[in-house]
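# Observations on the three-dimensional arrangement
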Amino acid sequence: MPETERGIKIAMKFAYETLLQLYPAHYRNLFAREMTGVFEQVVREYRLRGPLSYFAFLLMEFGGLIVGAVTIWTDEYMRRTAPRRWLSLPVLVPIIAGACASIYLQGLVYSGLAGHRPKLLPPPTLPQTNLQLLGLMALIGMCIALVSVLSLAFVWNMRAVGNRSGRLKPIWMPGRAVRGPLSRRDQILQRNARREREMRRVPRRPLGLE
Amino acid sequence: MKADTTPLSEPVFLILLSLAQSPRHGYALLKDTEALSDGRVRLSTGTLYGALRRLLEDQWIERFETDDTSRDKQSYRLTPTGRKYLQIELARMNQLTRAAAACLKRREV
């Protein structure tokens, strides 16, 4: 085999193995050597078909590797973040509350804009009647109430997260998260996690006693 | 992969079809899928092994130990579950073909 051809072959294999590093470690352990073997076989075959076919094949192979890596990492991510975690109440409440607040406040702004005439701007006036004053006060009060609700929801969420992990303590309530009462569901989750850890632990055999 | 509801993708279908004949390793699968599709489907190794990983996870195929099995050359074969889902997919395609033929015939008349 001429030196140039051997050099190209080594370079292609190196490029392929480098792209394989994009995959998760467990996937590489399972398939990397096998994939490289198949790649080398197919490369040999395509080199005989001419430079254009060879180039197209390399493009397809490397592109396929990148797309495959993205797909596998997406799968991994979806698996790690189970849908149950996203559908829990402490996560959903702040999201829904935030969305409601945003819709309400935007509605106020846009409804105000609809009645606004840019060319004939009335001079800014203070509320003239008690009713207008009352409306303004009610609006400010509602905004403050909404902000309070959102803050409460956020704190509640953080407390729930802190309780669940048992390690993460929100800084504004030191020591509370660890000592805080656990819900029944969290107790079961902790118990299961402990069991799983114990099952994973390999029992040590006493040396020379068997 | 839920074959009860979702149709199989073409590469997965071809891989299953290829393995339905006999156990094969990666390179043979590449060649066979190309032959089965008349050269239309050319899988890259990334696509092939991505599909194989999913099929292994769903236990539609399994690794098959042969005399020359090494880490570089691993054979795969269809499991009974994989065969069942392949038959479901074939039945779905048959039904579609029949419906399409009936529609065309009605239009001609």
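For the structure, see preceding data.
Since the model is a prediction, treat every value here as computed from it, not as a measurement. Counting from 1, residues in each chain are numbered in the order their sequence is written. Following the order in which they are written, the chains are lettered starting with A and the ligands numbered starting with 1. Where local features are concerned, this predicted model is filtered to residues with pLDDT of at least 70; where side-chain atom pairs are given and counted, the filter is 80 or more; whole-chain, interface and lining totals use all residues.

Attention now goes to the overall build of chain B. Secondary structure follows DSSP: runs of H or I at least 4 residues long count as helices, runs of E at least 2 residues long count as strands, and numbering of each begins at the N terminus. Scanning chain B from N- to C-terminus turns up four helices and three strands. Across the 109 residues in chain B, those meeting the buried criterion constitute 28%. For chain B, restricting intrachain contacts to residue pairs at least 6 apart in sequence, the fraction spanning at least 24 positions comes to 49%. With C-beta atoms placed from the backbone, the exposure class of a residue follows from how many other C-beta atoms lie within 10 Å of its own: 20 or more, buried; 12 or fewer, exposed; in between, partly exposed. Note that contacts rest on C-beta atoms placed from the backbone: two residues are in contact if these are within 7 Å.

Glancing now at the overall build of chain A. The helix and strand inventory of chain A stands at eight helices and zero strands. Seen in sequence order, chain A has helices and strands lined up from the N terminus as α-α-α-α-α-α-α-α. Residue burial in chain A is summarised as follows: out of 210 residues, 8% are buried. For chain A, long-range pairs separated by at least 24 residues make up 46% of all intrachain contacts whose partners lie at least 6 apart in sequence.

This part is about the sheet that holds strand 1 (residues 24–25) of chain B. All names here are of chain B. A pair of strands is labelled paired if DSSP reports no fewer than 2 bridges between them. A sheet is described by the order of its strands in space; here three strands give the open sequence 1-3-2, paired in antiparallel fashion. Every interior strand has two partners, whereas the edge strands, strand 1 and strand 2 (61–64), have only one. Where strand 2 lies against strand 3 (residues 75–78), four bridges are found, and the strand directions are antiparallel. Within the sheet, the bridge partner assigned to Phe64 lies in strand 3 and is Ser75.

Before going further, it helps to examine helix 2 (residues 25–47) of chain A. Residue and element names in this part refer to chain A. Taking 1.5 Å per residue, 23 residues should reach 33 Å; helix 2 reaches 31 Å between its end C-alpha atoms and fits that length. In helix 2, a bend of some 55 degrees at Phe31 exceeds every other bend along the element. Those residues of helix 2 lying buried are Tyr27, Phe31, Glu34, Met35, Val38 and Phe39. Expected helix span is computed as 1.5 Å times (number of residues minus one). The reported bend at a residue is simply the angle between two axes, fitted to the 7 residues ending at it and to the 7 residues beginning with it.

Turning our eyes to something else, we now look at the packing of helix 1 (residues 3–20) of chain A against helix 2 of chain A. All names here are of chain A. Two elements in contact, helix 1 and helix 2, have axes whose closest approach is 11 Å; the angle formed by their N-to-C orientations is 150 degrees. Between helix 1 and helix 2, the angle is such that the two are roughly antiparallel. The crossing of helix 1 and helix 2 is right-handed. Within the contact between the two elements, helix 1 uses Met12, Lys13, Tyr16, Glu17 and Leu20 and helix 2 uses Arg28, Ala32, Met35, Thr36, Phe39, Glu40 and Val43. All amino acids are sorted into three groups, where Ala, Val, Leu, Ile, Met, Phe, Trp, Tyr, Cys and Pro are nonpolar, Asp, Glu, Lys and Arg are charged, and the leftover types, Gly among them, are polar. Looking at the contact of helix 1 with helix 2 residue by residue, the class counts come to seven nonpolar, one polar and four charged. Think of each axis as a best-fit line through the C-alpha atoms, taken over the contacting stretch in the case of a helix, with angles from 0 to 180 degrees between the N-to-C directions. Should an angle fall under 35 degrees it is called roughly parallel, over 145 degrees roughly antiparallel, and 65 to 115 degrees roughly perpendicular, with every other angle called oblique. The crossing is said to be left-handed when, going from far helix to near helix, the turn is anticlockwise and less than a right angle, and right-handed when the turn is clockwise.

Our next topic: the interface of chain B and chain A. With 14 residues of chain B at the interface, the matching set in chain A holds 18 residues. Listed by contribution, the elements that provide at least two residues to the side of chain B that touches chain A are helix 2 (26–36) and helix 3 (45–57) of chain B. Take the side of chain B that touches chain A: its biggest share by element is six residues, from helix 3 of chain B. Here the residues of the side of chain B that touches chain A sort into three nonpolar, seven polar and four charged.

Moving on: the nonpolar core. The nonpolar core criterion groups buried Ala, Val, Leu, Ile, Met, Phe, Trp, Tyr and Cys residues into a set whenever they are joined through C-beta atoms within 7 Å. Residues Ile15(B) and Leu48(B) are the most contacted members of the largest nonpolar core, which totals 30 residues. Secondary-structure elements contributing two or more residues to this core are helix 1, helix 2 and helix 3 (51–80) of chain A together with helix 1 (10–21), helix 2, helix 3, strand 3 and helix 4 (80–108) of chain B. Sequence-distant contacts of Ile15(B), that is, excluding residues within four places in its chain, are made with Leu29(B), Thr33(B) and Ala51(B).

Now for the environment of Glu62(B). All names here are of chain B. Mapped onto the secondary structure, Glu62 falls in strand 2. Its 17 C-beta neighbours within 10 Å are what place Glu62 among the partly exposed residues. Sequence separation between Glu62 and Pro23 is 39 residues, and the spatial gap between their C-alpha atoms is 9.6 Å. Not counting residues up to four positions away in its chain, the partners in contact with Glu62 are Tyr76, Arg77 and Thr79.

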